[in-house]
Amino acid sequence: MCGIAGIIANNARNYHEELKKMTDAIAHRGPDSSDFEFYENAALGHRRLSIIDLSENGKQPMLSSTKNECIVLNGEIYGYQAIKAQYPEYPYRGSSDTEVILAMYQRKQENLIHDLPGMFAFAVWDNGKQELFCARDRFGEKPFFYAIGKNNEFIFASEIKAILASGLIQPKVNQEAISYYLQYGYVSTYHSIYENIYTLPPAHQLIWKDGKFTISRYYSLPAKDSVLSLSDAKEEFTYLLKNAVKKQLVADVEVGSFLSGGLDSSSIVALVAEFLPKQTTISFGYDHEGSELKYAKEIADKYKTNHIEVHEKKEDLATSLLKISPFFDEPFADISFIPHFEICKNARKNLTVVLSGDVGDELFGGYNFYRVENQLRKHFSYKNIIAKFGLNLYQKVRPISFVSQKNMAHENILDFHQNFVRNSFNQEEKNALGIASTYSQPYSFNPNPDSLNDIMRVDLEGYVPGNMMVKSDRMAMANSLEVRTPFLDLDFAEFCIQLSEQLKIDNENDKIILREAMGSYWTETIRARHKQGFGMSVKSWFEEENLVNLSNDLLKNPDQKIFNYIDFKATQKFLNKDHKHWNLLQLALWAHNNQNVL
């Protein structure tokens, strides 16, 4: 895992100082080495975290055999050895996955992207064509930001802070991004928080030539559901997941696993045990009654892992926030990022690469709100105007159920999902804060508003890259740790995306296909489990005096930078030690962290 940066401009060798500032800003992404490559019109920089081919042959920027092409890559190409065998004409110098992309580029140019698996963000400079080819992986596991500098330079990097460090751009805050953040707690995967610094969306490629660039989508989620029996689905599910885990264990350093004691991480650990004689697992838990550590230990004992437990007391959150939040570069309100940082920090003491059980909920139907949405659409009032009219009259006499209330308030389950689930501020509240802009993210398919599978697809293109992968990448990279996500293996993920809803969820059960296929790998206690988070609530966090003091400093002082963008008086009405308050605190913290550039 690494950090990449580049400046495409005339007389690019003159940008050595700017490029070094960019790579220095993301040294945490690659502490092992720093290197640069200069052409007349292109300057490429790289920070390396050595994982595959630890020799000099694996260093980047990497020149092709002809030296006409040069690549900087952040990520991993899973199964690259098999791909390498398909390009025997290329004179390989080393054994890295990066060199395979150069071999593919020489034969296929930009069309290589359709055959490239893994998690990645990369840029290839073709000196003969005077062209830059950039691409980002299908599910947004790795970041890619770019901007146009004051002298029309094309600037790109793994993180926003690197682009700012170049000194070539004065950022302008994006009102649409603030609006989206206030609603959902993260910036859309199609935006950055700055209107003149852009993110390349997942599954997109960018080609720069002659001072202009074009962006296009190269991949769309499979939009149709398959028809498979449970027995056939179980067999294929297990085969593909084993293959995904096997491919992601390839490294020249030890690969460990996060183990929460939930169904997803327990499945990954169980399958790793089939390929490694001994593995290291690491668990994190706050010291309270709801801690998951006991469940994780059950699985660790079953598979005799080298198990590491991280016990964390809830203390001094303000200090943690001030230390951790700058790694995001943008406002980010997911309450689990602090424990995620801590588990990554502790994992890095023993490991460089860790497998994660992320994205199982979106692929197998693990969230409780998916079950609620299933109940909503099966309720007699769903999309029934007459029933809704009757319920409206009835509720004036007696209380009605949550399902009835939400069916009255929302047109369909997609509307409920997008405007209630994981929502913080609604449009009226955003207007009160002075944010009138709105933004609706596009998707690679047309969602059926009555389909649970399409809601899961919406999450895979919105929440997963915009929130989950941002948290995973930034918190891991802050600690120079690579996190791999076997559930996002392309073959496995596509198979799960297309599975019928009936194999994922019903009124009583979640993750049906996972439970059927992997149940025998778990303990009895794990088999009985349902979704659980890290166990701490925002309300309990606001009981800490230091956090309240930080909030008062940032949100009760009208001179704070945040109030250049939202209304001070309106903000005071939302400081109720709840999710809205937390959302505003993270926004204010971002503005405070970046006050020197705003």
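Summary of the structure given here. (Residues numbered from 1 in each chain as written. Predicted model: local features only at pLDDT ≥ 70, side-chain atom pairs only at ≥ 80, totals over all residues. Heavy atoms only, no water.)

### Regarding the sheet that holds strand 16 (residues 353-355)
In a beta sheet, neighbouring strands pair by backbone hydrogen bonds and run either parallel or antiparallel.
Piece 1. Reading across the sheet, the 5 strands line up as 15-14-13-16-17 and stay open at both edges, with parallel pairing between neighbours. Of all strands in the sheet, those bounded by a partner on one side alone are strand 15 (306-312) and strand 17 (482-484). Strand after strand, the sheet turns through a mean of 30° between neighbouring axes, direction not considered.
Piece 2. Contacting strand 14 (280-286) and strand 15, helix 8 (residues 293-302) runs over the sheet at an angle of about 175° to strand 15. (Pairing = 2+ DSSP bridges. Helix = DSSP H or I, 4+ residues; strand = E, 2+ residues; numbered from the N terminus. Axes fitted to C-alpha atoms, helices over the stretch in contact; angles between N-to-C directions. Contact = heavy atoms within 4.5 Å.)

### Some remarks on the packing of helix 9 (residues 317-324) against helix 10 (residues 337-347)
Piece 1. At a minimum axis distance of 11 Å, the contact between helix 9 and helix 10 shows a crossing angle of 75°. Taken as axis vectors, helix 9 and helix 10 run roughly perpendicular relative to one another. Between helix 9 and helix 10, the residues in contact are Leu317, Ser320, Leu321, Lys323 and Ile324 and Phe337, Ile338, Phe341, Glu342 and Lys345, respectively.
Piece 2. Here the residues of the contact of helix 9 with helix 10 are counted per class, giving 6 nonpolar, 1 polar and 3 charged. (Parallel < 35°, antiparallel > 145°, perpendicular 65-115°, else oblique. Nonpolar A, V, L, I, M, F, W, Y, C, P; charged D, E, K, R; others polar.)

### Some remarks on the nonpolar core
Piece 1. Counting residues in each nonpolar core, the largest one holds 178 residues, and the members touching the most others are Phe122, Phe237, Leu363 and Trp582.
Piece 2. The element that contributes the greatest number of residues to this core is helix 18 (residues 463-478), accounting for 9 residues.
Piece 3. The contact partners of Trp582, leaving out residues within four places of it in the chain, are Leu321, Ala333, Asp334, Ile335, Phe337, Val538, Trp541, Phe542 and Leu547.
Piece 4. Membership of the second largest hydrophobic core comes to 20 residues, among which are Ile4, Cys70, Tyr146 and Phe154. (Core = buried A, V, L, I, M, F, W, Y, C linked by side-chain atoms within 4.5 Å. Buried < 20%, exposed > 50% of the residue type's maximum accessible area, 1.4 Å probe, protein only.)

### What to know about the pairing of strand 8 (residues 145-148)
Piece 1. Pairing of strand 8 with strand 9 (residues 154-157) involves 4 bridges; the strand directions are antiparallel. Its bridge partner lying in strand 9, Ala147 is registered against Ile155.
Piece 2. Adjacent in sequence and paired antiparallel, strand 8 and strand 9 are bridged by 5 residues, among which Asn152 carries a positive phi angle near 70°.
Piece 3. As defined by bridge partners, strand 8 adjoins strand 10 (residues 197-199) across 3 bridges and the pair is classed as antiparallel. Opposite Ala147, over in strand 10, you have Ile197 as the bridge partner.

### With respect to empty space enclosed by the protein
Piece 1. A full pass over the atoms with the stated rule returns 9 cavities of 30 Å³ or more.
Piece 2. Taken as a whole, the largest cavity encloses approximately 160 Å³ of empty space.
Piece 3. Taken together, 17 residues line the largest cavity, and the ones lying closest to its centre are Val187, Glu330, Gly466, Val470 and Arg474.
Piece 4. Broken down by element, the lining of the largest cavity gets its largest block of residues, 4 residues, from helix 18. (1 Å grid on protein atoms, 1.4 Å probe; cavity = no way out; pocket = protein on both sides within 12 Å on 5 of 7 lines; lining within 4 Å. Points joined across faces, edges and corners; volume = space filled by probe spheres on them.)

### Looking at helix 18
It helps to recall that an α-helix has 3.6 residues per turn; residues three or four apart then point in one direction.
Piece 1. The end-to-end C-alpha distance of helix 18, which contains 16 residues, comes to 21 Å, matching closely the 22 Å that a straight helix rising 1.5 Å per residue would cover.
Piece 2. Of all the bends in helix 18, the greatest, near 35°, is centred on Met469.
Piece 3. The buried fraction of helix 18 is high, at 16 of 16 residues.
Piece 4. Just beyond helix 18, the residue with positive phi is Ser480, at close to 55°. (Expected span 1.5 Å × (residues − 1). Bend = angle between axes of the 7 residues up to and from the residue.)

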